[in-house]
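# Fold and contact review
Below are the chains, spelled out letter by letter.
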Amino acid sequence: MFIKIDRDKCTGCESCISSCPYDAILIREEKAEITELCQMCRACLSVCPEGAIAEVREPSDEMEKGEGQGVWVFAEQRDGVLAGVSFELLGIGRNLAGMLQADLSAVMFGASDADARELIRWGADVVYHCPDPVFNAFNDEPYAGLLSELIKEYRPEILLAGATPIGRSFIPRVAAKLKTGLTADCTSLAIDAETKDLLQVRPAFGGNIMATIVCPNSRPQMATVRPRVMKRGVYDESREGKIVVIHGEHLRSGTKVKETIKEISEVSVNLQEANIIVAGGRGTGGEKGFQLIVELAEALDATVGASRAAVDEGWIPYRHQVGQTGKTVCPKIYIACGISGAVQHLVGMQSSDIIIAINKNPEAPIFNVATYGIVGDLFEVLPVLTRRIKEVKGR
Amino acid sequence: MKIVVCIKQVPDTAEVRINPETNTLIREGVQSIIKPYDMHAIEAGLQIREKTGGSVTALTMGPPQAETALREAISMGVDRGVLLTDRAFAGSDTWATAYALFKAIAHIGADIIICGKQAIDGDTAQVGPEIAEFLGIPHVAYIRKIEDIQANSIVVQRLMDEGSDVVESSLPVLLTVVRELNSPRLPSLKGKMAAKKAEIEKLAAADIGAEEDQLGLRGSPTQVKNIFAPGVKKDRRMLDGPAEVQVDILVKELTGLKCL
């Protein structure tokens, strides 16, 4: 609830000013205005001779099952450029909306009208766009504040966001505000045929276990998804949709971005854009074993990746790490050498088109996600593979 | 400056069992450690205290044996350990955990609250920002550097995808920290002595004025529906024979798919 002054009705007579015990009303441009000092005591409501002061009731903060409608995707931008994960979320969002026979909407803070139209071509039926310059830099409170307001007003059934530094930081505030569930880093999302609940699958408990999480009673059901885990939807140049322009109000922030420092590590960019990645794990046994990985990567013009075990051992720098605490990658070919395949590693690479696993242990979980499995010693297999690749490529 | 560091004790190994009835973790009987990211949160708290003076309180929520984590924190130099323990907290998801910690922090009082980046057993990284929202204060997540700290404000570097942001925040504030921020100190002899003698304060749900229906399983919006091992990929092909033969098959397949 908050108190609002109708600027068209207000004559600037100032009779409300003395009625406020908190000095929360001032005159600006000959009209009364309620400031943030307002305690919502309602003392001013009856004073106004024009009836220009009114109480605006907000819908209840908590939503229950059955109230929600539609699937929402938070489309993140950074420096005015839409993040790739936004299009991936529209891909999975389209599937979920199809299963629910509901609309798919995107919410975008900052960026331009052209970007909003781009979201429609990637699958959105409606785009809620707030172009307020406050969103040029990322501050959690205005992001969480406006998204929560929009959810309260439009009541989506599901909200998806990218598990990026931005999404992972402010989306929890929205969940706290709305008292609803939030599942981080989902690797697959589906709709339960019976209950229509969102089935949110994520790795759990550090071991080789996946958990399906549901949020049975509260709405919206919220989930974050890491970049490059979901596939983009179909891009349709001629697709049409609605753009709703939102005006942000009361967007306060206790934080302020003073400066942005760009630092792009070449390797991490290469990892994420690589066509082929050759990755090594504990099974390489050390820097000498890793040399075989590097040689194969050179023969294939591939990028070198690593499991957390290899990075923790100090055989290769952190920026090569693939997995939950490293980079999520989605190359055409991923060659995992001496990597057993802990869930944390698998979630970072299992969307790759072709996965080749080379491991001594036939029971290693890496073989569960493999397209081709080679059970063998990498010290024997890799030199042969590197030689054959060079032959095929005529080097 | 009143500093509160939220820490979490987690199972040391992968030998975690699950209660089949409630689908929640059984932590009893498993060796526990302070979750690694939280060590950096403790170190950050101690370094701020060295600059500004004041006190550092370590706060954890868990079973009575989580007391050992607080003693470990005290051995590093933390002034005080508070254990939030009550059967009512059992089975809390991130929302209910954040709610209980918020109530406890409101009870203790704090200018700066520091959390590790994520729990190694859940990796959700949600609890910190949720606590900040409940407290109605700003937060800055993934901080890698503290540049400046004054009586009413702090300047930090926040890790982003393509570099970092320099962010100024008013106090009170909640920070979540990454490993890069610092190297946690080892316990001193004096610290170890203090840890042995320290009185750990215990708080239950009623002490912090928490509403029962917001706690534990009942207060948790999310539920674990089931737990499973990841399945085998449908089109998987295991190759046979000596290395030379396997490599030949693989290279032929890849050439056929025009991958090379």
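Scroll up a little and you will see the structure.
The structure presented is a predicted model; accordingly, all values stated were derived computationally and were not measured. (Residues numbered from 1 in each chain as written. Chains lettered and ligands numbered in written order. Predicted model: local features only at pLDDT ≥ 70, side-chain atom pairs only at ≥ 80, totals over all residues.)

Here we come to the overall build of chain A. Counting its secondary structure elements, chain A contains nine helices and 24 strands. In terms of overall dimensions, chain A has a C-alpha envelope of 90 × 50 × 45 Å along the principal axes. Sorting the 395 residues of chain A into buried and exposed places 52% on the buried side. (Helix = DSSP H or I, 4+ residues; strand = E, 2+ residues; numbered from the N terminus. Buried ≥ 20, exposed ≤ 12 C-beta atoms within 10 Å, placed from the backbone.)

Residue and element names in this part refer to chain B. For the pair helix H2 (residues 67–76) and helix H5 (residues 189–197), interaxial distance at closest approach is 7 Å and the crossing angle is 145 degrees. As H2 runs across H5, the sense of the crossing is right-handed. Residues Arg71, Ile74, Ser75 and Met76 of H2 touch H5, and the partners they reach there are Gly191, Lys192, Ala194 and Ala195. The class makeup of the residues in the contact of H2 with H5 is four nonpolar, two polar and two charged. (Axes fitted to C-alpha atoms, helices over the stretch in contact; angles between N-to-C directions. Left-handed = near helix turned anticlockwise from the far one by under 90°. Contact = placed C-beta atoms within 7 Å. Nonpolar A, V, L, I, M, F, W, Y, C, P; charged D, E, K, R; others polar.)

Another point: the environment of B:Val56. Residue and element names in this part refer to chain B. Tracing the backbone shows Val56 in strand S6 (residues 55–61). Residue Val56 is classed as buried on the basis of its C-beta count, with 25 C-beta atoms lying within 10 Å. With 24 residues separating them along the chain, Val56 and Arg80 place their C-alpha atoms 6.7 Å apart. Every residue in contact with Val56, bar those within four places of it in the chain, is listed here: Ile3, Val5, Gly45, Leu46, Arg49, Val78 and Asp79.

In this section: the nonpolar core. A:Val278, B:Val5, B:Leu101 and B:Ile131 are the most contacted members of the largest nonpolar core, which has 186 residues in total. Per-element accounting of this core gives the leading share, nine residues, to helix H3 (residues 94–108) of chain B. Residue contacts for B:Ile131: discarding those within four places in its chain leaves B:Ala98, B:Leu101, B:Phe102, B:Ile105, B:Ile113 and B:Leu174. Counting eight residues, the second-largest nonpolar core is a separate cluster that includes A:Cys16, A:Cys20, A:Ile25 and A:Ile53. (Core = buried A, V, L, I, M, F, W, Y, C linked by C-beta atoms within 7 Å.)

Tallying the contact residues gives 69 residues for chain A and 64 residues for chain B. Per-element accounting of the side of chain A that touches chain B gives the leading share, nine residues, to helix H4 (residues 165–178) of chain A. For the side of chain A that touches chain B, the residue count by class is 35 nonpolar, 18 polar and 16 charged. As judged from the three bridges shared by strand S24 (residues 372–375) of chain A and strand S15 (residues 237–239) of chain B, these two strands associate in the parallel manner. What sits directly across from A:Tyr372, in S15(B), is B:Arg237. (Pairing = 2+ DSSP bridges.)

As a further point, take the environment of B:Glu130. The residue B:Glu130 is located in helix H4 (residues 127–135) in this model. Using a count of 28 C-beta atoms within 10 Å as the deciding quantity, one classes B:Glu130 as buried. The spacing of B:Glu130 and B:Thr94 is 36 residues in sequence and 8.4 Å in space, taken between C-alpha atoms. Setting aside chain neighbours within four positions, we find B:Glu130 in contact with A:Pro172, A:Arg173, A:Ala175, A:Ala176, B:Thr94, B:Trp95 and B:Ala98.

Attention shifts here to the sheet that holds strand S18 (residues 242–245) of chain A. Adjacent strands of a sheet form backbone hydrogen bonds with each other and so pair up, either parallel or antiparallel. Residues and elements named next belong to chain A. Read from one edge of the open sheet, seven strands run S12-S17-S11-S6-S9-S10-S18, paired in parallel fashion. Among the strands making up the open sheet, the edge pair consists of strand S12 (182–183) and S18. As paired strands, S12 and strand S17 (residues 221–225) are joined by two bridges and run parallel to one another. Across the sheet, Leu182 pairs through a bridge with Met222, a residue of S17. Along the sheet, H4 contacts strand S6 (71–75), strand S11 (158–162), S12 and S17; its crossing angle with S17, the most-contacted strand, is approximately 170 degrees.

With that settled, the discussion passes to helix H2 (residues 113–121) of chain A. Turning to H2(A), its buried residues are A:Asp115, A:Ala116, A:Glu118, A:Leu119 and A:Ile120. Positive backbone phi, at 125 degrees, marks A:Gly123, one or two positions downstream of H2(A).

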